[in-house]
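# Structural description and commentary
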Amino acid sequence: MFDDLACEKYGRKDLEYQRWRWQPHGCDLPRFDAKSFLERLRGKRLVFVGDSVNRNQWVSMVCLVESSIPKALKYMRLKGSLYTFKATEYNASIDFYWAPMLVESNNDNSSHHASSNRIVKIGAIQKHATQWGDADVLVFNSYLWWIIPKLKVLKGSFEDPYPVYKEVKMLQCYKMALKTWSAWLETHVNRTKTQLFFVSNSATHSRADEWGVPKDQNCFNETKPISKEEYWGSGSDTKMMQIAEAEISKLKSRGLKIQMLNITQLSEYRKDGHPSIYRKQWRPLSKEKLSDPRNYADCTHWCLPGVPDVWNELLFTYIIHH
């Protein structure tokens, strides 16, 4: 369990967020079965590729399976931007690779990536792909790091002493990056072996006025889900989702099977599921922030156990039953 997701450990007292279960209309979602899942992964490699929300889902997946594995038959390691969990009895790996924008960017260091000046090398993905190109199951996401009006597109190399950039509007830039990603998949993926997934954007809850609370508040102190059916907050960009869906549709039309794991709507209801202030703070907090906890509440990531476990129940269902 990573300390930025361990809400109970860091003082959260209300634990109802752990007990809610997603119930779709018209079907029942199978419960996660760790041993069946590991058996399906025997001799295989599952890799989550993306940003910290995708890492959140990876941690959830590791937690879901590791309790069924004896201590001597599992290990974890970190090498650069690649996190690996290994179930040795099954010769199965469940990995996470940090690539928040999928293509190369100035935020590719998994430990140091707080850049407000975001630069992407829009046509370059091979450096990342060497780390996950042999996977049997690939689960991608890319969303949060794009949400600024414009990004700088690099012409040339990050090593150039006098780099040349061009500012590009976010949606256009996002579309270009997903084209690079889809072109790599179309050319390199083993169509008889590899299962592909793209996770839609995870909901954020930073504007409490959207669910009927004074607008200067956020997910801090929220303990119940939103009950209004089809609630949709401003943190989920439908235009970005449409761009991703269009690219996935093109891949399908070219014979490449890829499944959109649409977790957005079900996550929208869960304003109660974020760490808020109940997490490890990696930097000392100022007196100003400490005086008003809403200033540093994390309303983006998710407590574990919690919402990402449901995402993995969906992923489990696709992998086992399709």
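Please read all numbers here as calculations on a predicted model, not as lab measurements. Residue numbers run consecutively from 1 along every chain, following the written order of its sequence. For a predicted model such as this one, the threshold for reporting local features is a pLDDT of at least 70, and the threshold for listing and counting side-chain atom pairs is 80 or more; totals across whole chains, interfaces and linings nevertheless cover every residue. For side-chain calculations, the full set of non-hydrogen atoms in the structure is used, while hydrogens and water are omitted.

## Quick word on the packing of helix 2 (residues 52–66) against helix 8 (residues 307–321)
In this analysis an axis means a line fitted to C-alpha atoms, helices contributing only their contacting stretch, and an angle means the value between N-to-C directions, from 0 to 180 degrees. Helix numbering and strand numbering both begin at the N terminus, where a helix is a DSSP run of H or I of at least 4 residues and a strand a DSSP run of E of at least 2. In the contact formed by helix 2 and helix 8, the axes pass within 9 Å of each other and the chain directions differ by 75 degrees. It follows that helix 2 is roughly perpendicular to helix 8 by the angle criterion. Contacts from Val53, Asn56, Gln57, Ser60, Met61 and Leu64 of helix 2 reach helix 8 at Pro308, Asp309, Trp311, Asn312 and Leu315. Looking at side-chain class alone, the contact of helix 2 with helix 8 contains six nonpolar, four polar and one charged residues. Should an angle fall under 35 degrees it is called roughly parallel, over 145 degrees roughly antiparallel, and 65 to 115 degrees roughly perpendicular, with every other angle called oblique. Every residue pair with non-hydrogen atoms within 4.5 Å of one another is taken to be in contact. Following the grouping adopted for this structure description, the nonpolar residues are Ala, Val, Leu, Ile, Met, Phe, Trp, Tyr, Cys and Pro, the charged ones are Asp, Glu, Lys and Arg, and the polar ones are all others, Gly among them.

## A look at the layout of surface pockets
Buriedness for pockets is judged along seven lines, at least five of which must meet protein on both sides within 12 Å for an open set on the 1 Å grid over protein atoms alone, while cavities are sets there where a 1.4 Å probe fits but cannot get out, and lining residues have an atom within 4 Å of a point. Grid points are joined across faces, edges and corners, and a volume is the space filled by probe spheres set on the points. Approximately 1,400 Å³ is the volume attributed to the largest pocket. Broken down by class, the residue content of the lining of the largest pocket amounts to 14 nonpolar, 13 polar and eight charged. Taken as a whole, the second largest pocket encloses approximately 460 Å³ of empty space. Lining the second largest pocket we find 17 residues, and of these Trp22, Gln23, Ile226, Leu266 and Tyr269 sit closest to its centre.

## Looking at the sheet that holds strand 6 (residues 119–121)
By way of backbone hydrogen bonds, the strands of a sheet pair with one another, either parallel or antiparallel. Spatially, 5-6-8-9 is the arrangement adopted by the four strands of the open sheet, whose pairing is mixed. A strand with exactly one partner marks an edge of an open sheet, and here the two such strands are strand 5 (104–105) and strand 9 (164–169). Along the sheet, helix 4 (residues 170–188) contacts strand 6, strand 8 (150–155) and strand 9; its crossing angle with strand 9, the most-contacted strand, is approximately 110 degrees. Should DSSP find at least two bridges between two strands, the strands are taken to pair.

## Things to note about helix 8
Multiplying 1.5 Å by the residue count of a helix minus one yields the expected span of that helix. In a regular helix each residue adds 1.5 Å, so 15 residues correspond to 21 Å; helix 8 covers 22 Å between its end C-alpha atoms and thus fits that length. Of all 15 residues in helix 8, 13 are buried; the element is thus mostly enclosed. Any residue under 20% of the maximum accessible area for its type is buried, any over 50% is exposed, and the rest in between are partly exposed; the area is computed with a 1.4 Å probe on protein chains only.

## Quick notes on the sheet that holds strand 10 (residues 195–199)
The seven strands are arranged 2-3-4-1-7-10-11 in an open sheet whose pairing can be described as mixed. The sheet is open, and its two borders are formed by strand 2 (74–79) and strand 11 (259–261), each paired with just one other strand. Averaged over all pairs of adjacent strands, the angle between strand axes in this sheet comes to 15 degrees, irrespective of strand direction. Bridge analysis of strand 1 (residues 45–50) against strand 4 (residues 92–98) gives six bridges, and the strand direction is parallel.

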